[in-house]
Amino acid sequence: MTTGLAYGERFTPVAGESCNADATVRVSILYHKQGVVPEGAVFYASLSASRETAESGQALTVKEGPTPEEATVDGIPCLHFDSGRTILAFPKDGLPSGRAPFTVSCWAKMDAGSSAAHVFGYGNLAAEGGGCTVHLSENRVTDVGGCGYDHGCDLPPGKSATAWHHYAITWDATYSRIYVDGALVSKQDRAGRYMSLYNGAIGGSYQWGDYFSGHIAAARIYDSALDESGILSLAGEFSPVVA
């Protein structure tokens, strides 16, 4: 059985069904990884238990606007940001800097009809290659790196930012890679990047605002460039259930 199964999609085996050899290998990998999340994030905020302290220990501060609202949407515990100048800021201490590799990861669902906006990231976006923020428009995702180091691409066919998706950006000291729902969608050389130690933000840009309207869950930063299996594991953390 191979019809309807695309790389990066989740698959639940059904008793009595059979798969050919190729599909069996692919399905076993994807199914095994579902829900197994890599440990060791230097920043992690589930955005479901507390809006004052991240699970990794950093203080979360409402920099501007009203406090985002706690919600559970399509089975995912999250916070809703209404683009009313709301940002949850967190300190720069302990975040990857300079030429150290990193991974920025989050789940997001943009409100229909809202403007393109920054979702989650850190660093100095006013410096050349000095930051990394996940930026979304309805059909596009961008690694905003600052001053000529932006790296963007269209979302895969059939996907819209107004539905839940997992987004991840990695940098291995040479290449910027963008993943959507566990699948690599774009790769560009960004060897000159040099991350500035600067505070981070959820729901917008710490420096520029550009406020996000929608839901965000499971915001993470790693001090390594996770490989594809690690990204796929993060993408399997939730299975959105749409009523």
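Residues numbered from 1 in each chain as written. Predicted model: local features only at pLDDT ≥ 70, side-chain atom pairs only at ≥ 80, totals over all residues. Heavy atoms only, no water.

### Quick look at the pattern of salt bridges
Here is step 1: Within the structure shown, the criterion is met by 6 salt bridges.
Here is step 2: In this structure, Asp 172 engages Arg 177 in a salt bridge whose closest nitrogen and oxygen atoms are separated by 2.9 Å.
Here is step 3: In this structure, Arg 220 and Glu 237 form a salt bridge, with 2.8 Å as the shortest nitrogen-oxygen distance. Linking Arg 220 in strand S15 (residues 213–222) with Glu 237 in the segment after helix H2 (228–235), this pair joins segments that are 17 residues apart in sequence.
Here is step 4: The exposure class assigned to Glu 237 is partly exposed, which follows from its relative accessible area of 21%. (Salt bridge = Lys/Arg side-chain N within 4 Å of Asp/Glu carboxyl O. Helix = DSSP H or I, 4+ residues; strand = E, 2+ residues; numbered from the N terminus. Buried < 20%, exposed > 50% of the residue type's maximum accessible area, 1.4 Å probe, protein only.)

### Quick notes on the nonpolar core
Here is step 1: In this structure, Phe 43, Val 119, Phe 120, Leu 136, Val 141, Tyr 167 and Ile 202 are the most contacted members of the largest nonpolar core, which totals 38 residues.
Here is step 2: Examining the composition of this core, we find that 5 residues originate from one element, strand S6 (residues 102–110), more than from any other.
Here is step 3: Grouped together as the second largest cluster of nonpolar side chains are 9 residues, Tyr 44, Ile 76, Trp 107 and Phe 238 included. (Core = buried A, V, L, I, M, F, W, Y, C linked by side-chain atoms within 4.5 Å.)

### Brief notes about the pairing of S6
Here is step 1: For S6, the tally of buried residues reaches 9 of 9 residues, placing the bulk of the element in the interior.
Here is step 2: Residues of S6 alternate between two faces, with Phe 102, Val 104, Cys 106, Ala 108 and Met 110 on one and Thr 103, Ser 105, Trp 107 and Lys 109 on the opposite face, all of them buried.
Here is step 3: As paired elements, S6 and strand S11 (residues 165–171) share 7 bridges and run antiparallel to each other. Within S11, the position partnered with Trp 107 by the bridge is His 166. (Pairing = 2+ DSSP bridges.)

### Some remarks on the pairing of S11
Here is step 1: Counting buried residues in S11 gives 7 out of 7 residues, a clear majority hidden from the surface.
Here is step 2: Side chains of S11 alternate between two faces, with His 165, Tyr 167, Ile 169 and Trp 171 and His 166, Ala 168 and Thr 170 buried alike.
Here is step 3: Across 5 bridges, S11 lies against strand S12 (residues 175–180) in antiparallel orientation. When the bridges of S12 are listed, Thr 170 appears paired with Arg 177.

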